[in-house]
Amino acid sequence: MQGTLGKLFLRLCAPGEHRSKQIGSDSARAVFPSLLKHLLERPEGERQECHFCGHDNPLATTQRIDAVCLFSGLELRRFVCGACGGVFGPTQLIDCRPAELCELYGCLYQFYKEGFSEPFQEKTFYLMNPSRHGEYLNYACGDWTAGCERLRSLGWHVWGYEPFQQVRSAAILIDADIDTSKKYDGLMSHNFVEHVQNPFTFFRKCHSMLKPGGVMAHSSPCFDYVYAGSPLHLFFYCGQAVERLAARTDFVLRSEHRADQDHPGHQYVCCVFEKRAG
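Not measured: the values here are computed from a predicted model.

Draft legend 1. Up close: unusual backbone geometry. Residue Pro90 is bonded to the preceding Gly89 through a cis peptide linkage, with omega at 0°. As for its position among the elements, Pro90 is in the loop between strand 5 (87-88) and helix 3 (91-95). Unusually for a residue other than glycine, Asn191 sits at a positive phi of about 50°. When you line up the elements, Asn191 lands in the loop between strand 9 (184-190) and helix 7 (199-208). Look at Asn191 and you get buried, because its relative accessible area is 19%. A positive phi angle is found at Asp250, which is not glycine, with a value near 65°. Assignment of secondary structure puts Asp250 in the loop between helix 8 (241-248) and strand 12 (251-258).

Below, the structure written as structure tokens:
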């Protein structure tokens, strides 16, 4: 996913709201710390519901893990859920309006780009153990045109779905194209689940898009507590977070895959889920 989340929030904002869109990369690098600081200086609430398991965490007594932002040097305060062990935070970014995150993402992606991800997206697709007769969706795929067309050329019935930006491709669906009543045999994402503001809501949306017994696969390094220096990694699926979230959203964790021998040095973790029957 190359800048998918940045484009997500760019689309959510009206043109006048996104001041950083026109500034150069050097200016964006200088502006980003002040944008982030503006959000992080907001007071934390006294309690925070865990969006993995639903536990009500009193923040004053909840275990805290601090990290340093790679892009600003600011302190990032995160918390370990007292019930499931999942890590969440900064809470100010979880709770803020999407339009406020818009400027932050837009500014960051003026000077930072994520690496090439097509081999990992394809690996995630095959971990769903797809059927030649099934239909599959890559959720929040960004401009995945080349990867999608490659899989289609091999006979797979697969589409990308990009709800957050305009992509000109017959292989990529946008909101104007999507049939909300259609159900898929499988759904996947890559480097996305750590960015959502509410994993429970996202998993329930995935559930609504799958056929009974459908499969979903989400790949992200943040199934462990890694890359903590990114302020926009809001959730780390540690401890029992994956199992508890799956149970709450009517999924069963079918398998977990770690590492990628074809690309040494890249942290690849993929969890595969099955939609619970009934």
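Draft legend 2. The pattern of salt bridges, seen in detail. Summed over all chains, the structure comprises 15 salt bridges. For the salt bridge of Arg204 with Asp250, the shortest nitrogen-to-oxygen distance reads 3.4 Å. One end of the pair, Arg204, is in helix 7; the other, Asp250, is in the loop between helix 8 and strand 12, with 46 residues separating them in the sequence. In this structure Asp250 comes out as partly exposed when scored by relative accessible area, which is 30%. As a salt-bridge pair, Glu256 and Arg258 come within 2.7 Å of each other at their nearest N and O atoms. Residue Glu256 is classed as partly exposed on the basis of its relative accessible area of 41%. Beyond isolated ion pairs, a larger network of salt bridges with shared partners links Arg42, Arg97 and Glu100.

Draft legend 3. A look at the confidence of the model for the protein. Looking at the protein as a whole, the pLDDT averages 87, with 88% of positions reaching at least 70. Low pLDDT, under 50, characterises residues 5-23; the stretch is placed with 41 contacts to residues that sit more than four places away or in other chains.

Conventions we followed
- Residues numbered from 1 in each chain as written.
- Predicted model: local features only at pLDDT ≥ 70, side-chain atom pairs only at ≥ 80, totals over all residues.
- Heavy atoms only, no water.
- Helix = DSSP H or I, 4+ residues; strand = E, 2+ residues; numbered from the N terminus.
- Buried < 20%, exposed > 50% of the residue type's maximum accessible area, 1.4 Å probe, protein only.
- Salt bridge = Lys/Arg side-chain N within 4 Å of Asp/Glu carboxyl O.
- pLDDT = per-residue confidence, 0-100.
- Contact = heavy atoms within 4.5 Å.

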